[in-house]
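Observations on chain architecture
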Amino acid sequence: MDFEPKSFLLRDGRTAVLRAPRREDAAEMNRYLRICSGETDFLLRTPEECVESEEQEAAYLEKVLADPNTLMIVCEVDGEIAGICRISFNSRLKIRHRANVGLGLYRKFWGLGIGTRLFAEMETAARARGAEQLELEFIEGNDRGRALYEKCGFRIVSEHPNAIHQPDGRRCCEYLMIKELT
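This section reports on the structure supplied with the text. Since the model is a prediction, treat every value here as computed from it, not as a measurement. (Residues numbered from 1 in each chain as written. Predicted model: local features only at pLDDT ≥ 70, side-chain atom pairs only at ≥ 80, totals over all residues. Heavy atoms only, no water.)

1. Brief notes about the overall build of the protein chain
- Helix and strand content of the protein chain: four helices and eight strands.
- Over its C-alpha atoms the protein chain spans a radius of gyration of 16 Å, differing by no more than 12% from the 16 Å that the globule rule assigns to 182 residues.
- For the protein chain, the spread of C-alpha atoms along the principal axes amounts to about 40 × 40 × 35 Å.
- The buried share among the 182 residues of the protein chain stands at 43%.
- Long-range contacts, defined here as pairs at least 24 residues apart, represent 61% of the contacts in the protein chain between residues at least 6 apart.
- Per element, the accessible surface of the protein chain, about 9,800 Å² overall, is 49% carbon and sulfur.
- Side chains of the protein chain carry 27 positive and 31 negative charges; the gap between the two charge centres is 4 Å. (Helix = DSSP H or I, 4+ residues; strand = E, 2+ residues; numbered from the N terminus. Rg over C-alpha atoms; globule rule 2.2 N^0.38 Å. Buried < 20%, exposed > 50% of the residue type's maximum accessible area, 1.4 Å probe, protein only. Contact = heavy atoms within 4.5 Å. Areas by Shrake-Rupley, 256 points an atom, 1.4 Å probe, with all protein chains shown as cover. Lys, Arg positive; Asp, Glu negative; His and termini not counted. Charge placed at Lys NZ, Arg CZ, Asp CG, Glu CD.)

2. Some remarks on the nonpolar core
- The biggest cluster of nonpolar side chains holds 49 residues, and the ones touching the most others in it are Met 29, Ile 87, Ile 114, Phe 119 and Phe 154.
- Ignoring anything within four residues of it in the chain, the contact list for Ile 114 reads Phe 8, Leu 10, Cys 75, Val 77, Ala 82, Leu 105 and Phe 109. (Core = buried A, V, L, I, M, F, W, Y, C linked by side-chain atoms within 4.5 Å.)

3. Thoughts on the packing of helix α1 (residues 26-39) against helix α2 (residues 54-66)
- Packing of α1 against α2 brings their axes to within 8 Å, and their N-to-C directions diverge by 100°. One element, α1, and the other, α2, form an angle in the roughly perpendicular class. Packed against α1, whose contacting residues are Ala 26, Ala 27, Met 29, Asn 30 and Leu 33, the element α2 presents Glu 54, Glu 57, Ala 58 and Leu 61 at the interface.
- Looking at the contact of α1 with α2 residue by residue, the class counts come to six nonpolar, one polar and two charged. (Axes fitted to C-alpha atoms, helices over the stretch in contact; angles between N-to-C directions. Parallel < 35°, antiparallel > 145°, perpendicular 65-115°, else oblique. Nonpolar A, V, L, I, M, F, W, Y, C, P; charged D, E, K, R; others polar.)

4. A few points about the pairing of strand β5 (residues 98-105)
- Pairing of strand β4 (residues 80-89) with β5 involves seven bridges; the strand directions are antiparallel. Note that in β5 the partner of Ile 84 across the bridge is Gly 104.
- Pairing analysis gives three bridges linking β5 to strand β6 (residues 133-139), with the strands arranged parallel. What sits directly across from Arg 98, in β6, is Gln 133.
- A crossover connection joins β5 to the parallel β6 through helix α3 (residues 114-129); in handedness this β-α-β unit is right-handed. (Pairing = 2+ DSSP bridges. Right-handed = clockwise from strand over helix to strand, strands pointing away.)

5. Let's talk about unusual backbone geometry
- Non-glycine residue Asp 78 carries a positive phi angle of around 50°.
- Tracing the backbone through its elements, the reader meets Asp 78 in the loop between β3 (70-77) and β4.
- The class for Asp 78 is exposed, based on a relative accessible area of 60%.
- Here Asn 162, not a glycine, exhibits a phi torsion of approximately 55°, which is positive.
- On the secondary structure map, Asn 162 appears in strand β7 (residues 155-165).

6. Topic: the pattern of salt bridges
- Applying the stated criterion to the full structure yields 18 salt bridges.
- We note a salt bridge from Arg 117 to Glu 121, for which the minimum N-O separation is 3.1 Å. Here the residue Arg 117 and the residue Glu 121 both occupy positions in helix α3, the gap between them amounting to four residues, near one helical turn.
- Here Glu 121 falls in the buried class, since its relative accessible area comes to 7%.
- The partner of Arg 155 in a salt bridge is Glu 180, with the nearest N and O atoms 3.0 Å apart. Here the residue Arg 155 occupies a position in strand β7, and Glu 180 occupies one in strand β8 (residues 171-180), the gap between them amounting to 25 residues.
- Bridged by salt links that share partners, the residues Lys 6, Arg 117 and Glu 121 form one connected network. (Salt bridge = Lys/Arg side-chain N within 4 Å of Asp/Glu carboxyl O.)

Nothing here speaks to function; it is all geometry.
Below is the structure:
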């Protein structure tokens, strides 16, 4: 699914550009995924699991762009990918009112308003598509993420005990949050 580019000002005065990913982003996207997954324990992959080749990542990005049920938005700051978000729409009759969202940012871009803006864009896309509910999962201990999600109108509706096994051996709950759009 395509996305019309948009610019906005960050809290530090720099300009950020929101746009659809491109095939030529593949190498930088691989780097972004490895670094982000190493900056926090709250993503579902570790850096060692980010093993896609540049060609595999390029093919994945092309698939995302061609998928009418998926929207990915890249946030670029000073020519660098700062973060990405993704919304996946359900096409099945009984669950098409629901859409799943996810977001990740480089640590150096935290606190600049990017996450809030990406959630607003995903909500706009969901409303345009007729979705009535946004859903996301987050890992126990992700207090910064939880604060952002709650600020954006999400609320916890369930807990999945011991859903995540961290590399250091800790078991963490995963929480499901929803935001009703109706």
